[in-house]
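Results of the structural survey
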Amino acid sequence: SDVPVITIDGPTASGKGTLASRVAAALGYHYLDSGALYRSAALAALHAHADLADEDAVAAVAAQLPLRFDPPRILLAGEDITERIRHEEIGLAASRISAYPAVRRALHALQLSFRRAPGLVADGRDMGTVVFPDAALKVFLTAPAATRAERRHKQLISQGFSANIDHLRQDLESRDERDRNRATAPLKPAEDARSLDNSALSIEASVQQVLAWWQARR
Ligand code: C5P
């Protein structure tokens, strides 16, 4: 495909979603939140009472996801699950099922279908390494776990959820550890990725950095 792709990968709560959607808006590109697909698959598996330890059962659910995208809303069988999939328990379930190769295969074509003119910004764990290896710009976003836990805490509180910062940090560290150490599509920078530690950067400065890299490429 000659439709350009920018990938933004990184650990939990590194700010990928905010950065990727702002860059997409600035360029007038489509946006793929691949984590939302894994989260939706996890929720669908829970709804179907599938055993999360059963790779084939979960992959069967992931292959038949009745998802509809109406940005920024996501609907599962007509039900708006946009907020529901943000819960920590769904993030943890997503992290468990995303380690299954059969689940990753089931979601592969759906992710590729987001690549439409004039361009795509995709965020996740393996966007630059597996799903869009030919991306024109690959960014690997990082920030220390303590910073990420603080951000996630603020975000949850502002959305009216209650949250304990120490639990959040433990959850995100165990999720990252599983994402990094799995055999299939582990979380790691692509060889040709540029690293961006955004812990001391405003969102706007991070957006400007990515746009500057993007302009320098063309
Ligand atoms: O990015 P987000 O936290 O929404 O992703 C939820 C989980 O889905 C991650 O912890 C990770 O295990 C999984 N995921 C993945 N590959 C992606 C995106 C998300 O394995 N491209």
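Here, the structure is the one placed above.
To start, this report covers the structure provided alongside it. All values derive from a computational prediction rather than experimental measurement.

Here is what the cut-offs are and how they apply
- Along each chain, residue indices are assigned from 1 in the same order as the chain's sequence is written.
- At least 70 in pLDDT is required for a residue's local features to be given in this predicted model, at least 80 for side-chain atom pairs to be given and counted, and no such filter applies to totals for whole chains, interfaces and linings, which use all residues.
- Working from all heavy atoms in the structure, the side-chain values ignore hydrogens and water.
- Here a helix means four or more residues in a row that DSSP labels H or I, a strand means two or more in a row labelled E, and each is numbered from the N terminus.
- Contacts are residue-level and defined by heavy atoms, with any inter-residue pair within 4.5 Å sufficient.
- Only heavy atoms are used to decide nearness, and a residue is near a molecule or strand if one of them lies within 4 Å of it.
- We call two N or O atoms a polar contact when they sit within 3.5 Å, provided that within protein one can donate a hydrogen and the other can accept it, with sequence-adjacent residues counted only if both atoms are side-chain atoms.
- Each accessible area value is a Shrake-Rupley result obtained with a 1.4 Å probe; residue values ignore everything except the protein chains displayed when judging cover.
- Here a pair means two rings of Phe, Tyr or Trp (six-membered ring of Trp) with centres within 6.5 Å. Their orientation is stacked below 30 degrees between planes, edge-to-face above 60, and tilted elsewhere.
- Under the scheme applied here, a residue whose accessible area is under 20% of the maximum for its type counts as buried, over 50% as exposed, and between as partly exposed, the area being computed with a 1.4 Å probe on protein chains only.
- For each structure, a 1 Å grid was placed over the protein atoms alone; sets of points admitting a 1.4 Å probe that cannot get out are labelled cavities, open sets with protein on both sides within 12 Å along at least five of seven lines are labelled pockets, and lining residues have an atom within 4 Å of a point.
- Grid points are joined across faces, edges and corners, and a volume is the space filled by probe spheres set on the points.
- Three categories are distinguished: nonpolar for Ala, Val, Leu, Ile, Met, Phe, Trp, Tyr, Cys and Pro, charged for Asp, Glu, Lys and Arg, and polar for the others, with Gly belonging to the last.
- Between any two strands, pairing holds if DSSP finds at least two bridges.
- Any Lys or Arg side-chain nitrogen located within 4 Å of an Asp or Glu carboxyl oxygen qualifies as a salt bridge.

**Concerning the side chain of Gln111**
Residue position: Gln111 is located in helix α5 (residues 101–112). Once you skip the residues sitting within four places of it in the chain, Gln111 turns out to touch Leu32, Ser34, Leu37, Tyr38, Met127, Val131 and Phe132.

**Comments concerning the site of the ligand**
Lining the immediate surroundings of the ligand are 16 residues, of which Arg39, Arg104, Arg125, Asp126 and Asp179 lie closest. Separating an oxygen atom of the ligand from a side-chain N or O atom of Arg39 is a distance of 2.6 Å. At a separation of 2.9 Å, a nitrogen atom of the ligand approaches a polar side-chain atom of Asp126. About the coverage of the ligand: the protein hides 97% of its 450 Å² of free accessible area. Of all the secondary structure elements, the ones that give two or more residues to the shell around the ligand are α2 (34–47), α4 (88–97) and α8 (165–181). Ranked by residue count, the leading element in the shell around the ligand is α2, at 4 residues.

**Re the packing of aromatic side chains**
One pass over the full model with this rule turns up 2 aromatic pairs. Seen from their ring centres, Tyr29 and Trp214 are 6.3 Å apart, and the 85° between their planes marks the pair as edge-to-face. Of this pair, Tyr29 sits in the loop between α1 (16–27) and β2 (30–33) while Trp214 is found in helix α9 (residues 203–217), placing the two residues 185 residues apart along the sequence. Residue Tyr29 shares its accessibility class with Trp214, and that shared class is buried.

**Brief notes about empty space enclosed by the protein**
A probe matching the size of a water molecule, rolled over the atoms, marks out where space remains unfilled. As enumerated under the stated definition, the model contains 1 cavity of 30 Å³ or more in all. In this structure, the largest cavity occupies an estimated 30 Å³ of space. Forming the walls of the largest cavity are Thr7, Asp9, Gly128, Lys138, Val139, Phe140, Lys188, Pro189, Ala190 and Ala193. Sorting the residues of the lining of the largest cavity by element identifies β1 (5–9) and β7 (137–142) as the ones contributing at least two each. Take the lining of the largest cavity: its biggest share by element is 3 residues, from β7. Here the residues of the lining of the largest cavity are counted per class, giving 5 nonpolar, 2 polar and 3 charged.

**Remarks on the side chain of Thr82**
Its location among the elements puts Thr82 in the loop between β5 (79–80) and α4. By relative accessible area, Thr82 is classed as buried at 13%. Polar contacts involving the side chain of Thr82 include one to the main-chain amide nitrogen of Ile74, which spans 3.1 Å. Polar side-chain contacts of Thr82 include one of 2.5 Å to the side chain of Asp80. In contact with Thr82, other than residues within four places in its own chain, are Pro72, Arg73 and Ile74.

**A closer look at the pairing of strand β4 (residues 73–76)**
Pairing analysis gives 4 bridges linking strand β3 (residues 67–70) to β4, with the strands arranged antiparallel. Counterpart to Asp70 in the pairing with β4 is Arg73. Where β3 hands over to β4, the hairpin turn is made up of 2 residues, counted between the paired strands. The sheet contact formed by β4 and β5 spans 2 bridges and is antiparallel. Among the inter-strand pairings, Leu75 is bridged to a residue of β5, identified as Asp80. Counting the residues between successive antiparallel strands, the hairpin from β4 to β5 contains 2 residues, one of them, Ala77, with a positive phi of roughly 50°.

**Description of the pattern of salt bridges**
Two side chains bearing opposite charge may form a pair once their charged atoms approach each other closely. Overall, the coordinates contain 13 salt bridges when judged by the stated rule. The salt bridge partner of Arg152 is Glu88, with a shortest N-O separation of 3.1 Å. One end of the pair, Arg152, is in helix α7 (residues 145–158); the other, Glu88, is in helix α4, and 64 residues separate them in sequence. Its salt-bridge partner being Asp179, residue Arg125 comes within 3.3 Å of it at the nearest N-O pair. Residue Arg125 is found in the loop between β6 (120–124) and α6 (127–131), and its partner Asp179 is found in helix α8; the two are separated by 54 residues along the sequence. In this structure, Arg125 and Asp179 share a single accessibility class: buried. Taken together, the shared-partner salt bridges connect Arg73, Asp80 and Glu83 into one network.

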